[in-house]
Amino acid sequence: MNYVDVKHLRKNFGSLQAVDDVSFNVYKGEIFGLLGPNGAGKTTTIRIMLDIYQADAGEVLLFDKPIRPETRDRIGYLPEERGLYQDITLERCILYLARLKGLDKATAEDRMNTYLKQFDLEDHRKKKVKTLSKGMQQKAQIIVTLIHEPDLIIIDEPFSALDPVNTQMVKDILAEQRRQGRTVIMCTHQMHQVEQLCDRMMLIHNGKVMLYGSLREIQNQFARQEVLVELLNPLESTPPGVLSITPRNHSQLLELAPDVAPQSILQWLMHNNHTVQRFEVAAPTLDEIFIQTVSGTKAE
Amino acid sequence: MKKVWEIIRHEYLTQVRRKSFWVGVLSIPIMMVLAIGISVAAMFISADTTPVGYVDHSGVLAEVVYPESENPFGQLTTFVPFEDAASARQAFLNGTVQGYFVIDENYINNGMVEFFTGSLSFDTSTGDFRSLLRFNLLQQYPDAVRTRVYDGSKISIRSLETAEELNLDQWWNLVLPLVFAFMLFILVQVGGSYILQAMVAEKENRMMEILITAVNPLELMIGKTIGNLAVAFTMLAVWGIFGGGILLALPALAFIQISINWGVQIMTLILFLFTLLMMAGFMMAAGAMSTDARDSGQLTWFFSLIMTLPFILITKIIFDPNAAVSVFFSLFPLTAYFVMPIRMTFASVPVWQLILCVLLVAGATVFSVRLATVAMKRGMLTFNKRLKYIDLFKSRRQV
C-alpha cells in the first residue's frame, strides 16, 4: 500500500525551477531516503506534500487522498528549520505541541514522560528550552515529531547536532517506528545512515529525480566490474579475464573485463589452490554514487 | 475547536506568566495611586490651618452662617471676623491669622473683596470664602431657590429628526462613552501589540512550519487573537479594580445615575469586535512579514499613527460631531470603533452613515484576515528575510 503518491510534481519560484517532474511513491512501513545536495528541491517537495506550498502542476496523495485538515494529525514533521518555544519550559513546550496534534492531556503527559526518560531529558523538563544544549533541543524536537504516534513521519536531517550515542538511539527509534508499521521519509546528507536505515531512496538534484529505487537496485546500477580479494598467498599469475590488479591494504582489487562474471574468478582461484580469505564484488558506496551522480550532472 | 482553545490557553499563559507583564500592568496603577497619595498628603502637610480673618464692610456676613464644605476632605479654612482692617492686620502681624479678607461696603454692586496675606499665591481659603459669601447671600431666599441656584438648570437637547435626547447636566453620561472608547482603544492597541509580539516570537523561534502542519491558519489566528486579547482584558481588569476602588472611595460620585444608550452600546460592540479582528489580522500579517521585533515595529507605525489621530482631534469630534473630519474618521475602518460611538453620543448620525460604517469595517476586517492568512503562509517560512508587500497580492502559485 502506498502512503505517499507524488505524481509529476512541478514548482517554479520565478525563473528557478525548484521541482521538475518529480514522481515517487512511499510504501507503508518503509524508511524512504530523500537525498540531494543543498538546494536540490527536497524541502520544496516536502512542503508541497504538506500543502504549505502549492504545486504548479502534479498531484500529491497522502494515504490515498489529497491532503486534508484531518490528515495533518497523521503526520509527524521535523522540518529543516528547527524550532521550539525558547521562553517556556521543556514540558510545557512538548505538551502544547502534542495537544495541537490532537492528543488529550493525559495521553500527552503519559507519552511525554516515556519519551523524556528514553531521551534522557527527565531532569531537564522544568528548564526553559533556551537553557538546553543544541543536542537536547534536537532530541526534544524529535519527541514532538513522534509523540502523537503519526502514521507518516517526515524528518529532515534527523542526526544533525547529535553525538554518536544519541545518533544510535534515534536510529533505533526510527527502526522501531518501521517495525511498528509506520512510514518514515528521511532527508539527510549522511549517506551511511541511509545505507543502514533506508529501504528505498530517491536522489534529487536541480529539482529532477536522478536516482530512485531500492538501495540494492541502485547499487547494482552503479556496480563496477571489480572484485576485492584477500588471499593467504599473493597471486603469482593474473587470472583470465582480469584487466588489472591494484593492491589495496591487505587486499587486491581486480578489474574484470566487461563480459567476465565474478564467479569465474572465484572458481579460478579455488582451482589454483589459493586460500581465499575474502571475496567481495566491489559495490560502490552511496557516498560514491551520490558524488558520481551529482558531479556527473555538473559536468554535463 | 479544541486546538483553538489550546492556542488561546498557550498564548494567554505565556504572556501572563511573565514577570515583565505584571511589572508593566501593576506599575501604572501603583504609580497613579502613589501620585494621588503624594498629592493629597502634600496638600494636608502644606495646608496652613491657621484661621483667616475677614472684615465685613457690606454687612453680608453680619449674621454669618457656615455652609457644609464642598471639599471632600472637609473644611480646611476657619474664618474669624474683625471689626476693622487695623485689628485684622495686627492679628496677621501677631501670627494669629494667616491673612484677612476685606469685603467692600458696596460689595452687592461691585463684588469687590481684597485678600491681604504674606505672599502672593493661590490659596484654598479664597475658594472657601467665595462659598461662604454665596451661601450667606442666598440665606434670605427659600430653599428651592437656593437649591436651584446651586444645582443650576437641567438642559436637555432633543432632536426633532431622530427623537434622541442629550442631557448636558448629566456629564457622566457624556464622559463614560469617552472613557469606554479610551478603554477600547487601549484594548485594541495593547491586544494588537501582544499579537504582533506573539507572531514575531513564532518566527524567531522558527515554529511556524511545525504549527501550520498542525493547525490551519484561521485556527491559529483566532486562537492568537483571543488569547492575546484576553491578556489585554486582564490588564484592563487590573486597572479597573484599582480605578473602581478609587472612584468608589470618592463620596462625590455617589449621586451618579448612569443611563445607558443601548443604540450606541450595540454599535460600539459591533465595531469593536470587527476592529479587534481587523487589527489582529493586520498585526499578524506584519509579524509574519517581518524578520524580527524591530522590523515589525517599522511595519506597524502606520497603524499606530492612524489610530492615534482621533485623540488629537477629539475636541473637534465632540464639539462638531458632524463636521467632515468627524464623519471621515467615523467611517474610516481603523478609527470608526472610537469615533462613531462618540459622534452618536453627541449628535444624531444619519442611518446611511451607520450602515456604511459597519460595511466598511466589516470589509476591511475580511481583507485583513485574508491578508494575514496569506502572509502567514508566505512570510513565516522566510527566515531573516522580509516578505515584500507585492508577494501578498500574488497568486499562490506565483509564490
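Numbering of residues starts from 1 in each chain and follows the order in which that chain's sequence is written. Chain A is the first chain written and ligand 1 is the first ligand written, with later ones labelled in order. The predicted origin of the model limits local features to residues at a pLDDT of at least 70 and limits the giving and counting of side-chain atom pairs to 80 or more, whereas totals for whole chains, interfaces and linings rest on all residues. Hydrogens and water molecules were not included; the side-chain quantities draw on all heavy atoms of the structure.

A. Layout of the environment of Arg378 of chain B. Each helix corresponds to a stretch of at least 4 residues labelled H or I by DSSP, and each strand to a stretch of at least 2 residues labelled E; elements are numbered beginning at the N terminus. As for its placement among the helices and strands, Arg378 of chain B is situated in helix H15 (residues 351–379). It is 24 Å that separates the C-alpha atoms of Arg378 of chain B and Glu6 of chain B, two residues lying 372 residues apart in sequence.

B. Representation of the pairing of strand E8 (residues 200–205) of chain A in the model. Residue and element names in this part refer to chain A. With a 1.4 Å probe rolled over the protein chains alone, any residue whose accessible area is under 20% of its type maximum counts as buried; one over 50% counts as exposed, and the rest are partly exposed. Among the 6 residues that make up E8, 6 are buried, leaving the element largely enclosed by the rest of the structure. Residues Arg200, Met202 and Ile204 line one face of E8 and the alternating positions Met201, Leu203 and His205 line the opposite face, and both faces are buried. Should DSSP find at least two bridges between two strands, the strands are regarded as paired. Across 4 bridges, strand E3 (residues 31–35) lies against E8 in parallel orientation. Residue pairing in the sheet places Leu34 in a bridge with Met202 of E8. Where E8 lies against strand E9 (residues 208–214), 6 bridges are found, and the strand directions are antiparallel. Residue pairing across strands places Met201 opposite Gly213, the latter belonging to E9.

C. Molecular detail of the sheet that holds strand E11 (residues 242–248) of chain A. Residues and elements named next belong to chain A. Pairing is antiparallel across the open sheet formed by 4 strands, whose spatial order is E11-E12-E10-E13. What marks the edges here is a single partner per strand, and that holds for E11 and strand E13 (276–281). Averaged over neighbouring strand pairs, the angle between their axes works out to 20 degrees when direction is ignored. In terms of strand pairing, strand E10 (residues 226–231) meets E13 through 5 bridges, oriented antiparallel. In the strand pairing of E13, Val229 is matched with Phe279. Residue contacts are counted whenever heavy atoms from the two residues lie within 4.5 Å of one another. Simply put, an axis is a line fit to the C-alpha atoms, just over the touching stretch for a helix, and the angle between two N-to-C directions goes from 0 to 180 degrees. Docked against the sheet, helix H8 (residues 262–271) engages E10, E11, strand E12 (251–256) and E13, running at close to 170 degrees with respect to E13.

D. Region of the structure containing the pattern of salt bridges. All names here are of chain A. Put simply, a salt bridge is a Lys or Arg side-chain nitrogen that is within 4 Å of an Asp or Glu carboxyl oxygen. Overall, the coordinates contain 23 salt bridges over all chains when judged by the stated rule. As a salt-bridge pair, Arg125 and Glu122 come within 3.3 Å of each other at their nearest N and O atoms. A relative accessible area of 16% means that Arg125 is categorised as buried. Salt bridges here are not isolated pairs; linked through shared partners, they connect Glu91, Glu122, Arg125 and Lys126.

E. The arrangement of the interface of chain B and chain A in detail. Contact residues are listed per partner, giving 26 residues for chain B and 31 residues for chain A. For the pair chain B and chain A, the summed buried surface comes to about 3000 Å²; carbon and sulfur atoms form 50% of the total. Taken together, the connections running from chain B to chain A amount to 3 salt bridges. Residue Glu209 of chain B pairs with Arg47 of chain A through a salt bridge whose shortest N-O separation is 2.7 Å. Think of a polar contact as two N or O atoms within 3.5 Å of one another; within protein, one of them needs to be a possible hydrogen donor and the other a possible acceptor, and neighboring residues in sequence only count if both atoms come from side chains. Joining chain B to chain A, the criterion identifies 10 residue pairs in polar contact (both at pLDDT 80 or more). For the side of chain B that touches chain A, the leading source of residues is helix H1 (residues 2–16) of chain B, giving 6 residues. Taken together, the residues that form the side of chain B that touches chain A break down as 11 nonpolar, 5 polar and 10 charged. A 1.4 Å probe defines the accessible area here, and the buried area is the portion of it lost by two parts on being joined, summed over both. Three categories are distinguished: nonpolar for Ala, Val, Leu, Ile, Met, Phe, Trp, Tyr, Cys and Pro, charged for Asp, Glu, Lys and Arg, and polar for the others, with Gly belonging to the last.

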